[in-house]
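Commentary on secondary and tertiary structure
In case you want the letters, here they are:
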Amino acid sequence: MKLLQLYLPLIILVLSGFVLGSKLPATVPLYLGQFLFWVGVPLSIMAFLRQADLSGAIWVAPVIAWIAVFLGAGLAWVWINWQSNRKTVVNSWSRPTQGSFILAAMAGNTGYLGYPVTLAFVGTQYFGYALFYDLLGTTLAVWGLGVVIAAAYGGGVKSQWQLLKKVAINPSLWSFGAGLLFRQVPLSTLLETSLQTLGWAIVALSLILIGMRLRQLNSWHSLPKASISLSIKMLVVPLLLGSILSLFGITGAAKLAIVLQMAMPPAFATLVIAEVYNLDRDLSVTALAVGSGGVARNFANLVMDI
């Protein structure tokens, strides 16, 4: 019953976006995504930072994030080489396919989807763990290591200045720094309540956007490979690392916040990178669709029992 109460609002919002995606102009998700990236998500970060507990071992979160990234990429590389060496497999692992497979196994949607799920399960008090995991872990990894991998497996190396600019202008990173300072500024009860309401409204819009984008994903022939990469990303890595978090002093709700972030499906940025670097777009699309849909299932039963 508790899981149903937690999941129901998330599922309703995603389904609402899925339905709206078929009725609204195709440009709406694009504009909504731009608004959330530049304005919405940064505002929600500042809002929830005021409620988050940043004491204790919170800096472990980005360390675990980077370990999860390298573990996911490593396991994906091992699987690719094992499959490629089998005599029954012929030309099924092109370089672009390998690149998309590795990206899907290493980089999770710890922002647009990770924030709402974490807030629903552990509340604002432990939001800091999810935030540090995303901004200092996933965001830097996907636009740093992810681009390096894409350049190696895809259609050419892009300018390193473009990569640095992509990371530097990320408004979520700037709002993170501003939010750390802003959380010390006292606000009236009305302003505090309004800010929190705005934060939750942004969370709702993020979930609706997920649904809209899922509506646009319609490629399924890469499902076998996508299923393996998702198993690595959403099951194997969280189970392996989640079982040792107590060694870092992470237990209880803080542990759940980190494991939930580890178990997020592939980030939408992996599709953007796949398109820019000429990787296997069909594999990236399928991994996104199946992984994001799988979040609404009971994988939380596993991570809460770790």
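Residues numbered from 1 in each chain as written. Predicted model: local features only at pLDDT ≥ 70, side-chain atom pairs only at ≥ 80, totals over all residues. Heavy atoms only, no water.

**Quick notes on the side chain of Gln 261**
Here is the rule we go by: For helices the rule is a DSSP run of H or I covering at least 4 residues; for strands it is a run of E covering at least 2, with both sets numbered from the N terminus onward. Any residue under 20% of the maximum accessible area for its type is buried, any over 50% is exposed, and the rest in between are partly exposed; the area is computed with a 1.4 Å probe on protein chains only. Definition of a polar contact: a pair of N or O atoms within 3.5 Å, with one able to donate and the other able to accept a hydrogen when the atoms are protein atoms, and with sequence-neighbouring residues admitted only if both atoms are side-chain atoms. Whether two residues touch is decided by their heavy atoms; if any such pair falls within 4.5 Å, the residues are in contact.
With respect to the secondary-structure elements, Gln 261 resides in helix α12 (residues 252-262). Classification of Gln 261 as buried rests on a relative accessible area of 1%. At 3.1 Å, the side chain of Gln 261 and the backbone oxygen of Ala 130 are in polar contact. Beyond its immediate sequence surroundings of up to four residues, Gln 261 is in contact with Thr 110, Gly 114, Tyr 115, Thr 118, Ala 130, Tyr 133, Asp 134 and Lys 233.

**Looking at the confidence of the model for the protein chain**
One rule of thumb: low pLDDT means the predicted coordinates there are not for detailed reading. Here is the rule we go by: One number per residue, pLDDT, summarises how confident the predictor is, and it ranges from 0 to 100.
Confidence along the protein chain averages 83 in pLDDT terms, with 88% of residues attaining 70 or more. Note that residues 296-306 has pLDDT below 50 and, in this model, 28 contacts with residues that lie over four places away or in other chains.

**Thoughts on the pattern of salt bridges**
Selection rule: Salt bridge, as used here: a side-chain nitrogen of Lys or Arg that lies within 4 Å of a carboxyl oxygen of Asp or Glu.
Applying the stated criterion to the full structure yields one salt bridge. Arg 50 is the partner of Glu 192 in a salt bridge, and the nearest nitrogen-oxygen pair spans 3.1 Å. With a gap of 142 residues between them, Glu 192 in helix α10 (residues 189-215) and Arg 50 in the loop between α2 (27-49) and α3 (60-84) connect regions that are remote in the sequence.

**Focus on the packing of aromatic side chains**
Counted only if it meets this: Working definition: rings of Phe, Tyr and Trp (its six-membered ring) pair if their centres are within 6.5 Å, and the pair is stacked with planes under 30 degrees apart, edge-to-face with planes over 60 apart, and tilted otherwise.
One pass over the structure, following the stated rule, counts nine aromatic pairs. Judged by centre distance (5.0 Å) and plane angle (85 degrees), the ring pair of Phe 132 and Phe 176 falls under edge-to-face. Here Phe 132 is found in helix α6 (residues 127-143), whereas its partner Phe 176 is found in helix α9 (residues 171-182), with 44 residues between them in sequence. An aromatic cluster is defined as three or more aromatic residues linked by ring pairs; in this entry it consists of Phe 48, Tyr 115, Phe 127 and Trp 200.

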